[in-house]
Amino acid sequence: MLTVDFDRLRVGLRTRFIDVGAGGGRHSYEALRRGAEVIAYDLDEPELKSVADMFAAMIEAGEVPPGGSGKVQVGTVLEMPYDDGHFDVVLASEILEHVPEDDAAIAELVRILAPGGTLAVTVPRWLPEAVCWALSDEYHANEGGHIRIYRADALEKKLVGAGLVATHKHHAHALHSPYWWLKCAVGTNREDHPAVKKYHELLVWDLMKKPAATRIAERVLDPLIGKSVALYFTKPVQQ
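Basis of the calculations
- The written sequence of each chain sets the order in which its residues are numbered from 1.
- Thresholds applied to this predicted model are a pLDDT of at least 70 for local features of residues and 80 or more for the giving and counting of side-chain atom pairs; totals over whole chains, interfaces and linings are not thresholded and use all residues.
- To obtain the side-chain values, all non-hydrogen atoms of the structure were included, while hydrogens and water were left out.
- Working definition: helices are DSSP H or I runs of at least four residues, strands are E runs of at least two. Numbering for both runs from the N terminus.
- The classification of residues rests on relative accessible area computed with a 1.4 Å probe and restricted to protein chains. Under 20% of the type maximum is buried, over 50% is exposed, and intermediate values are partly exposed.
- We call two residues in contact whenever any of their non-hydrogen atoms come within 4.5 Å of each other.
- Charged residues are defined here as Lys and Arg on the positive side and Asp and Glu on the negative side; His and the ends of the chain fall outside this count.
- By convention, the point assigned to a charge is CZ for Arg, NZ for Lys, CD for Glu and CG for Asp.
- Within the patch definition used here, like charges are joined within 9 Å and nonpolar side chains (Val, Leu, Ile, Met, Phe, Trp, Tyr) within 5 Å, considering only residues with over 30% relative accessible area and no salt bridge.
- For every accessible area listed, the method is Shrake-Rupley and the probe measures 1.4 Å; residues are considered covered only by the protein chains on display.
- By definition, a salt bridge exists where a carboxyl oxygen of Asp or Glu is found within 4 Å of a side-chain nitrogen of Lys or Arg.
- Nonpolar core, defined: a set of buried Ala, Val, Leu, Ile, Met, Phe, Trp, Tyr and Cys residues in which side-chain atoms within 4.5 Å join the residues together.

(A) Representation of the overall build of the protein chain in the model. Counting secondary structure elements, the protein chain contains nine helices and seven strands. Viewed in the frame of its principal axes, the protein chain has a C-alpha envelope of about 55 × 45 × 35 Å. Within the span of the protein chain, comprising 239 residues, buried residues form 46% of the whole. The long-range share in the protein chain, meaning contacts at least 24 apart out of those at least 6 apart in sequence, stands at 75%. Once the 26 positive and 34 negative side-chain charges of the protein chain are each reduced to a mean point, those two points are 6 Å apart.

(B) Focus on a nonpolar patch on the surface. There is a patch of nonpolar side chains on the surface, built from Met-1, Val-204, Leu-207 and Met-208 and spanning about 370 Å² of accessible area. By secondary structure assignment, the location of Val-204 is in helix α8 (residues 194-209). Residue classification places Val-204 among the partly exposed residues on the basis of a relative accessible area of 37%.

(C) Representation of unusual backbone geometry in the model. You will see that His-173, though not glycine, has its phi angle at about 70°, which is positive. Of note, His-173 is situated in the loop between β6 (165-172) and α7 (176-186). Positive phi values are uncommon outside glycine, yet Lys-210 reaches one of about 50°. Residue position: Lys-210 is located in the loop between α8 and α9 (212-225).

(D) Representation of the nonpolar core in the model. With 30 residues, the main nonpolar core has Ile-18, Val-20, Val-90, Leu-96 and Leu-155 as its most contacted residues. Counting residues per element, the ones that place at least two in this core are β1 (16-20), β2 (37-42), β4 (87-93), α4 (102-112), β5 (113-124), α6 (152-161) and β7 (228-234). A per-element tally of this core places α4 first, with five residues. Apart from the residues lying within four places of it in its own chain, the contact partners of Leu-155 are Leu-96, Ile-106, Val-121, Val-123, Tyr-150 and Leu-231. In terms of nonpolar packing, the next biggest core, distinct from the first, is built from 22 residues, Phe-17, Leu-48, Val-89 and Ala-230 among them.

If you want it as structure tokens, here you go:
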């Protein structure tokens, strides 16, 4: 389940790509399938071990074009061990809402992006997120949880102020918003609740089968209740 448009990111053979806050690696795997030189970067060392294992399995299975590579790196977004302008594409998906020092994190993302490169940032969208917060303190008030709700225009302004040029914006995962509203209403840890179980089964079915009806429904609903907003930027080439 991808939140960003990889064609818009222009990820291809030997693209220097970093997935900051990679988590389980869903975006890293797509970049590797396209032949990029991928770094999956995250604080969670055990999860990155699983990502590294999947990279190896993909290469062994012949799913990676020649020249593609996948590596993992444990670290914080506030201090990344890379030279200025090292990456052609920087992705930060669903992480800034967790970071107290978001301005410092944004500065690091911009620093490691090459001039002419592309940065994509995704965060929970304001309306669906506000509903979750209203329904449940448990959803966000926990260690490592969401500490702020962004409005897309305000976040875009921060990134433009950091030296980038905004190029595009879209919303994603509308079908996931009601799922999270249900979870917040009945208890975020109640995976056994009948309504939550049924809705989760629907989401898994949709992910596996990709039927036309749900794909159309999500495209129609994304502008209204998309769970995430994705923002795209380029870094100017200095004259």
